[in-house]
Amino acid sequence: MPTRAALSHIPGPKAPPIIGHTLTIARDSYGTQQDYISRYGDVYKTKMLGVWRVNLCGPDALEYVLMDKEKNFSSEGGWDALKLIYPGGLILQDFDHHRQNRRIMTAAFRASAIRDYRERMAATMRDLLTTWPKDEPFCFYTAIKDLTLRVGGAVFMGLPLDGDLAKRINRAITDEIRASVTPIRQPLPFTPMWHGVRGRDFLRETFRTLIPERRAKGGDDFFSQMCLATDDDGNAWSEDEILNQFNLLIMAAHDTTATSLSVMMAALGTHPDWQRRISAEVAALGNGALDEDALGRMTDTDRVFREALRLVPPVPFIPRMALRDFHWHGYDIPAGTSLALNPGVTMLSPELYTNPTEFDPDRFSPERAEDRVHRFAWTPFGGGAHKCIGMHFATMQVKLFVATLLRDHHIVLPHGAPEWQRMPIPKPKGGLPIVLRRSEPLRLAA
Ligand code: HEM
């Protein structure tokens, strides 16, 4: 890791001793970044959790680093903080090794598997949504996290949704996710990292016992598909590789989807015109199966999803580590430097989007296509070799949820639009209280 002196030529704000810019950025990460960009330009340095980081801002930097034509940038080094909890996951691998494993993972995402997941997910979601309270406020964020974990039980693991085992699995996943963002990185007794490591070990041992049966019998869930998956040359994963990849997959799928659905519900609750449009789109699907064709017709929902991801992306920063010295926008940056890319602030740039802080899903219409001004203007799913492998799956899950919920209900926000916590994981402050009412499309306003 380069010393502060090695980065002395990179501009940046003065860092308070020990804590550096950690608290300032945690308090208002977007405002702070926008301030630093205006003062220092699109390359500047900050110190977070004891590490000096060079921030490379804007769509050109996203394209240069994520496309990584010269193999200069390591995802493994960038996401180093996840290593203890998610060792050996795709995001912690680079180049040929990563490509080989990604090919095997892609088998679990093939079209026929996705169809099975969709059917299983639609049925599970329908059942779970009937248990949600009606006509009284509840915390949407808590409810959607619980729902996505339970849907995950069925779709990812092929396990029953209730019972003691499901509860312990859910607890372990939650502990892992909490550990992945905690500032204390050592597993000291009773700290979040300690709970996270125990959760990791519990999940590994639980799923290890399932592998022989799933290998023998298969199943239409992700875990079974990963037990059976091979690349084009017939290479499959060892037990440890399955467990490593599966563990990361659950984490990557979970909070991201819960956050984006929360942003969508908050937006629909505060924009009745859009809620009416989406309700009409859902009504036009009729009562048939929510198959690929039906979901393909949900183009307004797609726009709302894309806009939600632009305004509050679940992954607002993407870290990388420089493996070699490189030159960017006038600066020499040494090997070993931690880098931060910032899709979150980039997607709010007035140079790319008109009225960038406004909720305006029609900016994604074919006529306006604001996201096309630059190949990396819209990057909630990243880009290049590590681009989110679950992008289509996430879109399917979001559309299924919206279609199932808004078929016969509409949502009201009793306290209006929430504020968003951006770090470490974006979520609505106050948990986003909502009320579900039987649908009366002409009376959507509270
Ligand atoms: C709205 C939902 C989601 C968002 C915004 C999102 C975002 C991202 C981003 C930005 C990356 C790239 C990180 C990097 O380059 O360092 C990524 C990678 C990944 N995502 Fe997602 N994700 C979402 C949902 C999902 C789902 C549902 C799954 C699984 C079913 C998933 C699985 C993965 C995996 C395995 C990777 C690592 C890929 C690799 O390293 O090759 N994600 N995601």
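Preceding block: the structure.
Undergrad: What am I meant to see in the overall build of the protein here?
TA: Looking only at helices and strands, the protein has 16 helices and twelve strands in total. Taking all 446 residues of the protein together, the buried fraction comes to 54%. Considering only intrachain contacts with a sequence separation of at least 6, the fraction spanning at least 24 residues in the protein is 71%. Summing over all exposed atoms, the protein offers an accessible surface of approximately 19,800 Å²; the carbon and sulfur share of this is 54%.

Undergrad: Sorry if this is basic, but what is going on with the nonpolar core here?
TA: Soluble, globular proteins show a tendency: their nonpolar side chains are buried together. If you look at the biggest cluster of nonpolar residues, it comprises 106 residues, and the most contacted ones within it are Trp-132, Phe-207, Met-265, Phe-393, Phe-401 and Val-402. Excluding anything up to four places from it in sequence, Met-265 contacts Phe-140, Phe-401, Val-402, Leu-405, Ile-411, Leu-413 and Leu-432. Membership of the second largest hydrophobic core comes to 19 residues, among which are Trp-52, Leu-66, Phe-326 and Trp-328.

Undergrad: Would you explain the site of the ligand in this entry?
TA: Surveying the vicinity of the ligand reveals 27 residues, the closest of which are Trp-79, His-98, Arg-102, His-386 and Cys-388. At a separation of 2.8 Å, an oxygen atom of the ligand approaches a polar side-chain atom of Arg-102. Between His-386 and the ligand, the recorded distance is 2.6 Å, taken from a side-chain N or O atom to an oxygen atom. Breaking the shell around the ligand down by element, the ones donating at least two residues are helix H5 (95-107), helix H11 (239-270), strand S5 (318-322) and helix H16 (391-406). No other element matches the five residues that H11 contributes to the shell around the ligand. For the shell around the ligand, the residue count by class is 19 nonpolar, six polar and two charged.

Undergrad: Is there a simple way to explain the sheet that holds strand S9 (residues 409-412) in this structure?
TA: The pairing of strands in a sheet happens through backbone hydrogen bonds and is either parallel or antiparallel. Spatially, S4-S12-S9 is the arrangement adopted by the three strands of the open sheet, whose pairing is antiparallel. Both edges of this open sheet fall to strand S4 (138-139) and S9, since each of them pairs with a single strand only.

Undergrad: Sorry if this is basic, but what is going on with the coordination of the iron atom of the ligand here?
TA: Octahedral six-donor coordination of a metal ideally yields angles of 90 or 180 degrees, compared with 109.5 degrees for tetrahedral four-donor coordination. Among protein atoms, the single one acting as a donor to the iron atom of the ligand is Cys-388 (SG), 2.3 Å away. With respect to the helices and strands, the residue Cys-388 is situated in the loop between helix H15 (343-346) and H16.

Undergrad: What am I meant to see in the packing of aromatic side chains here?
TA: When we look at a pair of aromatic rings, we describe it by the centre distance and by the angle of the planes. Applying the stated criterion across every chain yields a total of 24 aromatic pairs. Ring centres 5.6 Å apart and planes at 75 degrees place the aromatic pair Tyr-36 and Tyr-44 in the edge-to-face group. Given a relative accessible area of 2%, Tyr-44 falls into the buried group. Ring geometry for Tyr-117 versus Phe-393: centroids 6.0 Å apart, planes at 75 degrees, classification edge-to-face. Of this pair, Tyr-117 sits in helix H6 (residues 111-130) while Phe-393 sits in helix H16, and the two are 276 residues apart along the sequence. On the accessibility criterion, Phe-393 (4% relative accessible area) is buried. The structure contains a cluster of three or more aromatic residues connected by ring pairs, namely Phe-109, Tyr-117, Phe-156, Phe-222 and Phe-393. The ring of Trp-52 is capped by Lys-45, whose NZ or CZ atom sits 5.7 Å from the centre of that ring. Its end group placed over the ring of Trp-378, Arg-306 keeps NZ or CZ at 4.2 Å from the ring centre.

Undergrad: So what exactly am I meant to see when it comes to the side chain of Thr-404 here?
TA: By the element assignment, Thr-404 lies in helix H16. Classification of Thr-404 by relative accessible area gives buried; the value is 15%. There is a polar contact of 2.5 Å between the side chain of Thr-404 and the backbone oxygen of Leu-400. Those residues in contact with Thr-404, other than ones at most four positions away along the chain, are Arg-126, Leu-129 and Leu-290.

Undergrad: Help me understand the sheet that holds strand S8 (residues 338-341) in this model?
TA: Taken in spatial order, the five strands line up as S1-S2-S8-S5-S3 in an open sheet, and their pairing is mixed. Each end of this open sheet is capped by a strand with a single partner; those strands are strand S1 (43-48) and strand S3 (73-74). Looking at chain direction, strand S2 (residues 51-56) and S8 are connected through four bridges and run parallel. If you follow Val-54 over to S8, its bridge partner there is Leu-339.

Undergrad: Explanation requested: helix H3 (residues 59-67) in the structure shown.
TA: Count 3.6 residues to each turn of an α-helix, and residues three or four apart come out pointing the same way. Those residues of H3 that fall on the buried side of the exposure criterion are Pro-59, Ala-61, Leu-62, Val-65 and Leu-66. Take H3 and look down its axis: the buried residues cluster within an arc of 155 degrees, on one side only. Asp-68 occupies a position one or two residues after H3 and carries a positive phi of about 45 degrees.

Criteria and cut-off values
Residues numbered from 1 in each chain as written. Predicted model: local features only at pLDDT ≥ 70, side-chain atom pairs only at ≥ 80, totals over all residues. Heavy atoms only, no water. Helix = DSSP H or I, 4+ residues; strand = E, 2+ residues; numbered from the N terminus. Buried < 20%, exposed > 50% of the residue type's maximum accessible area, 1.4 Å probe, protein only. Contact = heavy atoms within 4.5 Å. Areas by Shrake-Rupley, 256 points an atom, 1.4 Å probe, with all protein chains shown as cover. Core = buried A, V, L, I, M, F, W, Y, C linked by side-chain atoms within 4.5 Å. Near = heavy atom within 4 Å. Polar contact = N/O pair within 3.5 Å; in protein donor to acceptor, adjacent residues only side chain to side chain. Nonpolar A, V, L, I, M, F, W, Y, C, P; charged D, E, K, R; others polar. Pairing = 2+ DSSP bridges. Donors = N, O, S within 2.8 Å, 3.2 Å for Na, K, Ca; no water. Phe/Tyr/Trp six-rings, centres within 6.5 Å; stacked < 30°, edge-to-face > 60°. Lys NZ or Arg CZ within 6 Å of the ring centre and 35° of its normal. Arc of directions from axis to C-beta.

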